[in-house]
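Now for the letters of each chain:
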Amino acid sequence: MKLNVSFADLQTMVRRMGAPEVRWRVRDGRLADPEFLERLYKGLVVEPKDVDVDDDGLFSVRGERVLLYIKETNQDRHTLLYDTENAKRFHVADCSTLEAMRRQGHFNMRYVVTTKTTGMFPVFATNHMTGAIDEIEAPLKVCRSCLLKIRYKGYGGLNHAKKRDVWLAFDVGAFLWDNPTKFRSRPLHTDRTAPMPGSAPDWLDVVDRYRRFRQWACDDCGVSLKGHHQLLHVRPLDGNRRNTSLHNLSGTCAVCAPSPLPDRVFSAAERALAEKLRTDQKIR
Ligand SMILES: [Zn+2]
Ligand SMILES: [Zn+2]
């Protein structure tokens, strides 16, 4: 059965009714809408009302943790690509960004939210000589006011040089991974899904979340396994299922996964399906 539920609408209704809001939980994979997640990953243009600011000051959209940036940079290509000090930034928290959104409306600015973890953002670059505007992918850095606002790694208390180190080392993927929305933080398993001994108690949720986080793509060959989530095997690189930090996880398709796996045997049919998807997606 496919469930199509808009939580945003539901939440608006709840607010209108004046009902007290209760934190509730959804298990990934069951209700997450892959199409929406895909659009969000690529970047969605939003208005202030579309963006929630959670208790921790971070942004979310429909229960997904997001980054926010302005597509119109009014900066030239060289600044955006090579001048990290001066190039525009992306935001992780409500450092008065939303206030600016409300003031400026949408007359000339497009605010984009994204869950993209590559650190490369599609923006408009302006050639100030000719006035031409091109869309490019730029390696934007995080906004330093955001870091101050959320006290990221004690940012406010650091000296100038340390602040700069923390700012430069900011890892978009790790940040999104380490700061899921409360809305998303999931329970709990039934008997059927109880994890193996020696695993983090939420290991199976970690697996689901990691698959979504990578947009169901194999870390090795990049094949998209959207709609075939079970063909993406998630494992801890150090073999320790309690170490669920982002950089210790790897998700590989039925073709790329090492063999044998301790907890999974891909059938010939599953490997054939993964092969077919790779061929269809022109991956070799
Ligand atoms: Zn900011
Ligand atoms: Zn693969």
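Definitions and limits used
Residues numbered from 1 in each chain as written. Chains lettered and ligands numbered in written order. Predicted model: local features only at pLDDT ≥ 70, side-chain atom pairs only at ≥ 80, totals over all residues. Helix = DSSP H or I, 4+ residues; strand = E, 2+ residues; numbered from the N terminus. Buried ≥ 20, exposed ≤ 12 C-beta atoms within 10 Å, placed from the backbone. Contact = placed C-beta atoms within 7 Å. Pairing = 2+ DSSP bridges. Axes fitted to C-alpha atoms, helices over the stretch in contact; angles between N-to-C directions. Expected span 1.5 Å × (residues − 1). Arc of directions from axis to C-beta. Core = buried A, V, L, I, M, F, W, Y, C linked by C-beta atoms within 7 Å. Domains from an automatic or database assignment.

1. Here's the deal with the overall build of the protein
Phase 1: Tallying secondary structure elements over the protein gives nine helices and 13 strands in all.
Phase 2: In the protein, which comprises 284 residues, the share counted as buried stands at 27%.
Phase 3: Contacts spanning at least 24 positions in sequence make up 66% of the contacts within the protein whose residues lie at least 6 apart.

2. Looking at the pairing of strand β5 (residues 67-70)
Phase 1: Both faces of β5 are covered, namely the face carrying Leu67 and Tyr69 and the face carrying Leu68 and Ile70.
Phase 2: Relative to strand β8 (residues 111-114), β5 runs antiparallel, the two sharing four bridges. Its bridge partner being in β8, Tyr69 is matched across the sheet by Val112.

3. Overview of the sheet that holds β8
Phase 1: Sheet architecture is open: three strands sit in the order β1-β8-β5, paired in antiparallel fashion. The open sheet is flanked by β1 (44-46) and β5, the only strands paired with a single partner. Direction aside, the axes of adjacent strands within the sheet are offset by 40° on average.

4. Remarks on unusual backbone geometry
Phase 1: Residue Pro260 is bonded to the preceding Ser259 through a cis peptide linkage, with omega at 0°.
Phase 2: Mapped onto the elements of the fold, Pro260 is located in the loop between β13 (249-253) and α9 (268-280).
Phase 3: Even without a glycine there, the phi angle at Arg62 is positive, about 45°.
Phase 4: Counting through the fold element by element, Arg62 comes out in the loop between β3 (59-61) and β4 (64-65).

5. Things to note about α9
Phase 1: Given a rise of 1.5 Å per residue, 13 residues ought to cover 18 Å, and the 18 Å separating the end C-alpha atoms of α9 matches this to within 8%.
Phase 2: Those residues of α9 that fall on the buried side of the exposure criterion are Ala274, Leu277 and Arg278. One side of α9 holds all its buried residues, which, seen down the axis, span an arc of 100°. Pointing more than 90 degrees away from the buried face of α9 are the exposed residues Ala268, Ala269, Lys276, Thr279 and Asp280.
Phase 3: Packing partners of the buried residues in α9 comprise β13.

6. Here we look at the sheet that holds β4
Phase 1: The strand order across the open sheet built from three strands is β2-β3-β4, with neighbouring strands paired in antiparallel fashion. Looking along the sheet, the strands with just one partner apiece sit at the ends: β2 (52-53) and β4.
Phase 2: Strand direction decides the pairing type here: β3 and β4, joined by two bridges, are antiparallel. Within β4, the position partnered with Val61 by the bridge is Glu64.

7. Focus on the environment of His229
Phase 1: Structurally, the position occupied by His229 is in the loop between α8 (203-213) and β12 (232-236).
Phase 2: Residues His229 and Trp216, spaced 13 residues apart in sequence, show a C-alpha to C-alpha distance of 6.6 Å.

8. Observations concerning the pairing of strand β9 (residues 121-126)
Put simply, side chains in a regular strand alternate between the two faces of the sheet.
Phase 1: Of the two faces of β9, only the one carrying Phe121, Val123 and Ala125 is buried; Pro122, Phe124 and Thr126 on the other face are not.
Phase 2: Two elements, strand β6 (residues 72-75) and β9, share two bridges in a ladder whose sense is parallel. What sits directly across from Gln75, in β9, is Ala125.

9. Some details on the nonpolar core
Phase 1: Among the nonpolar cores identified, the biggest contains 51 residues, and Leu67, Leu68, Tyr69, Phe90, Val113, Leu225 and Cys253 are the most heavily contacted of them.
Phase 2: The dominant element in this core, judged by the number of residues it contributes, is α8, at six residues.
Phase 3: Domain assignment of the residues forming this core places at least three in each of domain 1 (7-178) and domain 2 (191-280).
Phase 4: Contact partners of Val113, with chain neighbours within four places excluded, come to Leu40, Leu44, Val46, Val51, Phe59, Val61, Val66, Leu67 and Leu68.

10. Regarding the environment of Asn86
Phase 1: Positionally, Asn86 belongs in the loop between α3 (77-82) and β7 (89-90).
Phase 2: Exposure remark for Asn86: the 9 C-beta atoms within 10 Å place this residue in the exposed category.
Phase 3: Spatially, the C-alpha atom of Asn86 lies 9.4 Å from that of Gln75, the residues being eleven residues apart in sequence.

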